[in-house]
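# Overview (structure and organization)
Residue strings, one per chain:
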Amino acid sequence: MDHDPKVVLMGEDIGALGGVFRVTDGLQKDFGEDRVIDTPLAESGIVGTAIGLAMRGYRPVVEIQFDGFVFPAFDQIVTQLAKMGNRSAGRVRLPVVIRIPFGGGIGAVEHHSESPESYFVHTGGLRVVTPSTPEDAFWMVQQAVACPDPVVFLEPKRRYWDKGEVPEGAVLRSPGDAPRPFGAAHVARPGADVTMLCYGPMVRTCLAAAEAAAADGTADIEVVDLRSLSPLDLPTVMASVRRTGRAVVVHEAPTTLGLGAELAARVQEGCFYHLEAPVLRVGGFSAPYPAAKIEDEYLPDLDRVLDAVDRVLAH
Amino acid sequence: MPDTDVGPAGSPDRAAHVDREADTMIQMLTPEGERPEPTGAALEYAAYVEDVTDDDLRGMYRDMVIVRRFDAEATALQRQGELGLWASLLGQEAAQVGSGRALRPQDFAYPTYREHGVAWCRGVPPTALLGLYRGASLGGWDPAEHGFALYTIVIGSQTLHATGYAMGVQRDHAVGTGEPDRDAAVIAYLGDGATSQGDVSEALVFSAVYNAPVVFFCQNNQWAISEPNTRQTRVPLFKRSSGFGIPGVRVDGNDVLATLAVTRAATERARSGGGPTFVEAYTYRMGAHTTSDDPSRYRIAAEVEEWKLKDPIARVKAYLARSGAADEDFFAEVEAEAKQIATELRVTCRALPDPPPESMFDDVYAEPHAVLDAEREEYLAYRAGFADDTEEVRT
Ligand SMILES: Cc1ncc(C[n+]2csc(CCOP(=O)(O)OP(=O)(O)O)c2C)c(N)n1
């Protein structure tokens, strides 16, 4: 925000409160009410006006309070925001960032634990990314703001409490400043036997699973943090699967038509002769997100991930 | 419309502007517990509470005390880890009991997530509300049994459901027949923040053009989490509906009698075929937005102190005591009853079982769904296998 006066923040309760997760804490004090804007309680209004601001040369970074509340804005996102560049033959670019805390595992009431990424990945014209560590979040949000395309920036809410080193004060001035390119996947743990494809909140779970499997000698798991869900970094994915011959996709979102469906199809197309086993998916069920007391049964955990690893290795 | 010298976002003159209109508010019981002869606009509504007896007033006092006690217990249960979250209604007891008691059995209410007082009036067991906030259920009661829909968290959605339900009531010829047990009204609860949502504007449009028998009951508790209502509107909220062709009225939401009168007038208008009404109940959220919220970050304590003087329960108590309609024994009895209810609630809350995990697959569809059914089978098989080798925990 220091660097680019056109960047404005918009959202519900992002000012004095600093957002319900305090992500914007102190920013209104520093940058004023004109740049850190508490909006009326209307998500369609937030995204719709962000589109207009972007057409006027601003770079709105909007916050949707929780995943389950993005849907009033869904129309603006998929019918307007996503299509404007294409419709205007590139004359209009909408550098809007939509930040959404997503995913479950925090014991919340309904509409506060959902994983809506597939809806956005399914929509051409949007970029969809999610960091998995504090350092990645630090750089990725700057890359998202710098990006000329609309970006849906998913923040794994149960990892808000994770601690990690960040290069405080570092500013992204050119694309090369960030340690990893925007849109690139990252091999979070190299391994030889199975490729685990995951993102956001599940990266930590998968890394723990990999450590557990290494400790008891079951498998040497490679964990690929996708980071970008649209576009997918398929070269990194394919290179890994060609090496290991086995892949498991893990996400919280329902398995039906989730990212796993896309990845399994792409891997099958691109690595058919390298595969030793079918690509397996570990995800949520095709039911509404359940009450908090039983969400742990819905969410993939260490055991469900390792169960899938056992099954791909059994082939 | 007054001055249109719109300053930068959030310029402070807006707060003053909205509040200047407070004098148009219907009030029947003053904060001091006096019941002056109705004049002006209040006169119009006085007829609706002419039949209210001392016994009725004692009843509403009892409701409010019990609801407040229950609410405090729920907050305590959250602090002790028994609930995941609680949205307190502290300060809004009169708005909820006054409107809830205006409803007839055949009426139907669409609540937000904070309507515990209305739930009480509709006979919804308080434990069912706790189950929701405990994370043990996603619903918990049968809407048809109580004329009370499930709580709605997505802001504003329920106003459209209420309108559609009211359109159904109309089609069923349960409006304007003059039969007191047949004609029905629908009431949609919403907050001040909710008035900004597109869904709410659409509900106003639909209800107006179809003349649907629905009452929009907006509890203006001044805050939408951290945002004062000056962030949602530049006109008093009750004026919002007139552009849609719907009359609006502002009532002192801390006055149970006036709220009863105004809601009765609005629901009777709906039942008789007169169409929708928008009621703004002017009140205050005395506590945090929910147990996850910290209001000290955005509002000053003095504001809360000021509203304490307008407490909705204290004024009824003062009136009952002063008029001789109730004595110390009565107040002590109600206190004891509220305490008893709270104690029982604490026990039933702690005993609420976790739902069986496989229940997440239940009732998703009315008829079998092959993919979901297969997922359930796989899940059960997985669980069964897991139980066999508990030895081999791999964490
Ligand atoms: C569509 C949607 N957006 C955001 C939220 C998050 N949220 C929950 S309550 C609330 C404020 C509601 O304020 P108001 O309508 O005034 O009702 P109150 O809570 O004050 O009773 C917000 C923003 C939500 N539940 N639904």
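Residues numbered from 1 in each chain as written. Chains lettered and ligands numbered in written order. Predicted model: local features only at pLDDT ≥ 70, side-chain atom pairs only at ≥ 80, totals over all residues. Heavy atoms only, no water.

Residue and element names in this part refer to chain A. Tracing the chain through its elements places Ala 184 in the loop between strand S6 (151-156) and strand S7 (186-189). According to the relative accessible area criterion, Ala 184 is buried, its value standing at 15%. For the pair formed by Ala 184 and Glu 168, sequence separation is 16 residues and the distance between their alpha carbons is 23 Å. Excluding anything up to four places from it in sequence, Ala 184 contacts Leu 226, Arg 227 and Asp 233. (Helix = DSSP H or I, 4+ residues; strand = E, 2+ residues; numbered from the N terminus. Buried < 20%, exposed > 50% of the residue type's maximum accessible area, 1.4 Å probe, protein only. Contact = heavy atoms within 4.5 Å.)

Take the UniProt feature "domain: Dehydrogenase E1 component" (unreviewed entry) in chain B next. UniProt records the feature "domain: Dehydrogenase E1 component" (unreviewed entry) at residues 62-344 of chain B, using the numbering of this structure. Counting secondary structure, residues 62-344 of chain B comes out at 45% helix and 11% strand; the distance between its end C-alpha atoms is 17 Å. (UniProt positions renumbered as here; feature names shortened; annotations may be inferred.)

Moving on: the pairing of strand S8 (residues 194-198) of chain A. Residue and element names in this part refer to chain A. Counting buried positions along S8 yields 5 of 5 residues, so the element is predominantly enclosed. Of the two faces of S8, both are covered, the one formed by Val 194, Met 196 and Cys 198 as well as the one formed by Thr 195 and Leu 197. Across 5 bridges, S8 lies against strand S9 (residues 221-225) in parallel orientation. Pairing of Met 196 across the sheet is with Val 223, part of S9. In this fold, S8 hands off to helix H7 (residues 202-215), which returns the chain to S9; that crossover is right-handed. As defined by bridge partners, S8 adjoins strand S11 (residues 247-254) across 3 bridges and the pair is classed as parallel. Of the residues in S11, the one forming a bridge with Leu 197 is Val 249. (Pairing = 2+ DSSP bridges. Right-handed = clockwise from strand over helix to strand, strands pointing away.)

We now examine the site of the ligand. For the ligand, the set of nearby residues contains 20 residues, the closest of which are Glu 43 of chain A together with Tyr 113, Arg 114, Ile 153 and Gly 193 of chain B. At a separation of 2.7 Å, an oxygen atom of the ligand approaches a polar side-chain atom of Arg 114 of chain B. A distance of 3.4 Å separates an oxygen atom of the ligand from a polar side-chain atom of His 289 of chain B. Residue classes in the shell around the ligand are distributed as 10 nonpolar, 6 polar and 4 charged. (Near = heavy atom within 4 Å. Polar contact = N/O pair within 3.5 Å; in protein donor to acceptor, adjacent residues only side chain to side chain. Nonpolar A, V, L, I, M, F, W, Y, C, P; charged D, E, K, R; others polar.)

All names here are of chain B. Of all residues in chain B, 92% attain a pLDDT of 70 or more, and the chain-wide mean is 93. Here residues 391-395 is a poorly scored stretch, pLDDT under 50, and it has 8 contacts once near neighbours within four places are set aside; other chains count. Among the scores for the predicted complex, ipTM is 0.95 and pTM is 0.95. (pLDDT = per-residue confidence, 0-100.)

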